[in-house]
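Here is what each chain is made of, one letter per residue.
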Amino acid sequence: MQDVKILFFDIDGTLIDMDRKQISEKMLETLIRLKEKGLLLCVATGRGPMGVPHFPGVEFDACLTYNGACCFSGQHMIYSSPIPTEDVKQIIKNASRINRPVSVATKDRLLSNGRDKDLEDYYAISKAELIVSEDFDDVVDREEIYQLMLGCRERDYPELLRNVRSAKIAAWWERAADIIPAAAGKGNGIQKILEYYHLDAADAIAFGDGNNDIEMFHAVGTGVAVENASEQLKAEADEVCGHVAEDGIYYYCLERGMI
């Protein structure tokens, strides 16, 4: 591994243990010490901009949100790729046929046309509030939609994307899916951020746990899966570190002299 200049971190299951739902002291120490060494720190998440957590003493240099559909550094938008409105409406129609409520994500808010147990539990993972809004249809008509979220199973994917041209599934949890622009994905978002900082893939390392991190690993020099990662992601990883609940990333960085 050559000298790393930039690090990308998935959040849920990677930076934050899904059971504790908060960052550990050692993981927080890791981020602070990496920052002190002058390394660029970025989050790469399916969450929206409003769902990026704020950790004491840590300021992320860039955020890759909505699985790469909305990437920014501070107030500067690096990359923006909303889903075409006609596809958003088709997905909502498809979801209705399998009796699934849908949430839509703009840059600033999340709104739903209903609720079910899977969607409620999906929101609970990031401690977000599920808002069922009468403005749902108006938002779909008038605002840019970066992502749709709904409870489903893998067997539902073909039906959800029926007659949809410019969107794809980016799932990391077996009970729900994120539907994102076809041109998005964490890999594409990382490429845009690397271009912004004039860096190469070889300068980057990424940590993840879900299948939506596979593209991310392909876009960096080193992809590291935490022990609790999916088997598919581990198969794509260059290395596997310890479990998120056991501060695997901390010990990985420590052993390699990164902190």
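Structure: above.
Residues numbered from 1 in each chain as written. Predicted model: local features only at pLDDT ≥ 70, side-chain atom pairs only at ≥ 80, totals over all residues. Heavy atoms only, no water.

Would you mind going over the overall build of the protein with me for this structure?
Across its full length, the protein carries nine helices and 13 strands. Since a compact globule built from 259 residues should have a radius of gyration of about 18 Å, the 18 Å found for the protein is in line with a globular shape. Dimensions of the protein along its principal axes, counting C-alpha atoms only, are 55 × 35 × 35 Å. In the protein, of all internal contacts separated by at least 6 residues, the share reaching a separation of at least 24 is 60%. For the protein, the exposed surface amounts to about 11,600 Å²; the carbon and sulfur share of it is 44%. Distance between charge centres in the protein, computed from 28 positive and 44 negative side chains, equals 3 Å. (Helix = DSSP H or I, 4+ residues; strand = E, 2+ residues; numbered from the N terminus. Rg over C-alpha atoms; globule rule 2.2 N^0.38 Å. Contact = heavy atoms within 4.5 Å. Areas by Shrake-Rupley, 256 points an atom, 1.4 Å probe, with all protein chains shown as cover. Lys, Arg positive; Asp, Glu negative; His and termini not counted. Charge placed at Lys NZ, Arg CZ, Asp CG, Glu CD.)

Looking at this structure, I do not really get the pattern of salt bridges. What am I missing?
Side-chain pairing between opposite charges can occur once the charged atoms of the two side chains come close. One pass over the structure, following the stated rule, counts 23 salt bridges. Here lysine 89 ties to aspartate 141 by a salt bridge, and the two come within 2.7 Å at their closest N and O atoms. Linking lysine 89 in helix α2 (residues 85–97) with aspartate 141 in helix α4 (residues 136–142), this pair joins segments that are 52 residues apart in sequence. The salt bridge involving aspartate 118 is made with arginine 153; its shortest N-O contact spans 2.9 Å. Taken together, the positions of aspartate 118 in helix α3 (residues 117–125) and arginine 153 in the loop between β8 (147–151) and α5 (157–160) put the pair 35 residues apart, joining distant regions of the chain. Given the relative accessible area of 9%, aspartate 118 is considered buried. With a relative accessible area of 25%, arginine 153 lands in the partly exposed category. The network of salt bridges with shared partners includes Arg100, Asp116, Lys117, Asp118, Asp121, Arg153 and Arg175. (Salt bridge = Lys/Arg side-chain N within 4 Å of Asp/Glu carboxyl O. Buried < 20%, exposed > 50% of the residue type's maximum accessible area, 1.4 Å probe, protein only.)

Is there a simple way to explain the environment of tyrosine 250 in this structure?
One can find tyrosine 250 in helix α9 (residues 248–255). Among all residues touching tyrosine 250, those that are not within four sequence positions of it are Lys26, Glu29, Thr30, Arg33 and Ile259.

Which parts of the structure should I look at to understand the pairing of strand β2 (residues 40–44)?
A regular strand places its side chains on the two faces of the sheet in alternate fashion. Most of β2 sits out of view: five of its five residues are buried. In β2, alternate side chains face the same way, and those of Leu40, Cys42 and Ala44 on one face and Leu41 and Val43 on the other are all buried. Relative to β2, strand β1 (residues 6–9) runs parallel, the two sharing four bridges. The residue bridging phenylalanine 8 from the neighbouring strand is cysteine 42, located in β2. A crossover connection joins β1 to the parallel β2 through helix α1 (residues 25–36); in handedness this β-α-β unit is right-handed. In the sheet, β2 pairs with strand β3 (residues 62–65) via three bridges, with the strands oriented parallel. (Pairing = 2+ DSSP bridges. Right-handed = clockwise from strand over helix to strand, strands pointing away.)

Could you clarify how one ought to interpret the sheet that holds β1 in this entry?
Sheet strands pair via backbone hydrogen bonds, and the direction of the pair is either parallel or antiparallel. Taken in spatial order, the eight strands of this open sheet run β5-β4-β3-β2-β1-β11-β12-β13, and their pairing is mixed. Bordering the open sheet on either side are β5 (76–80) and β13 (239–240), each of which pairs with just one other strand. Sheet strands touched by α1: β1 and β2. Its angle to β1, the strand with the most contacts, is close to 155°. Where α9 meets the sheet, it contacts β1, β11 (204–208), β12 (222–225) and β13, and its direction lies at approximately 155° from that of β11. (Axes fitted to C-alpha atoms, helices over the stretch in contact; angles between N-to-C directions.)

Looking at this structure, I do not really get the packing of α1 against α9. What am I missing?
Axis angle and axis distance: for two packed helices, these are the angle between their axes and the distance between the axes, and together they describe the pair. The contact between α1 and α9 brings their axes to 8 Å, and the two run at 40°. Taken together, the axis directions place α1 and α9 in an arrangement best described as oblique. Where α1 crosses over α9, the two elements pack in a sense that is left-handed. Touching Lys26, Met27, Glu29, Thr30, Arg33 and Leu34 of α1 are Ile249, Tyr250, Tyr251, Cys253 and Leu254, all from α9. (Parallel < 35°, antiparallel > 145°, perpendicular 65-115°, else oblique. Left-handed = near helix turned anticlockwise from the far one by under 90°.)

Help me out: how do you make sense of the side chain of asparagine 188 in this one?
Note that asparagine 188 resides in helix α6 (residues 186–196). Here asparagine 188 falls in the buried class, since its relative accessible area comes to 18%. A polar contact is formed between the side chain of asparagine 188 and the backbone oxygen of alanine 183, at a distance of 3.0 Å. If we skip the residues at most four places from it in the chain, asparagine 188 touches Tyr79 and Ala183. (Polar contact = N/O pair within 3.5 Å; in protein donor to acceptor, adjacent residues only side chain to side chain.)

How should I be thinking about the nonpolar core in this particular structure?
Nonpolar side chains tend toward joint burial in soluble globular proteins. One finds Leu7, Phe8, Phe9 and Leu31 to be the most contacted residues of the largest nonpolar core, which totals 73 residues. In terms of residues, this core owes the most to one element, β2, which gives five residues. Excluding anything up to four places from it in sequence, phenylalanine 8 contacts Cys42, Ile190, Ile193, Leu194, Ala204, Ile205, Ala206, Phe207, Met216 and Val220. Formed by 22 residues, the second largest nonpolar core is a distinct cluster that contains Ile83, Val140, Leu148 and Ala171. (Core = buried A, V, L, I, M, F, W, Y, C linked by side-chain atoms within 4.5 Å.)

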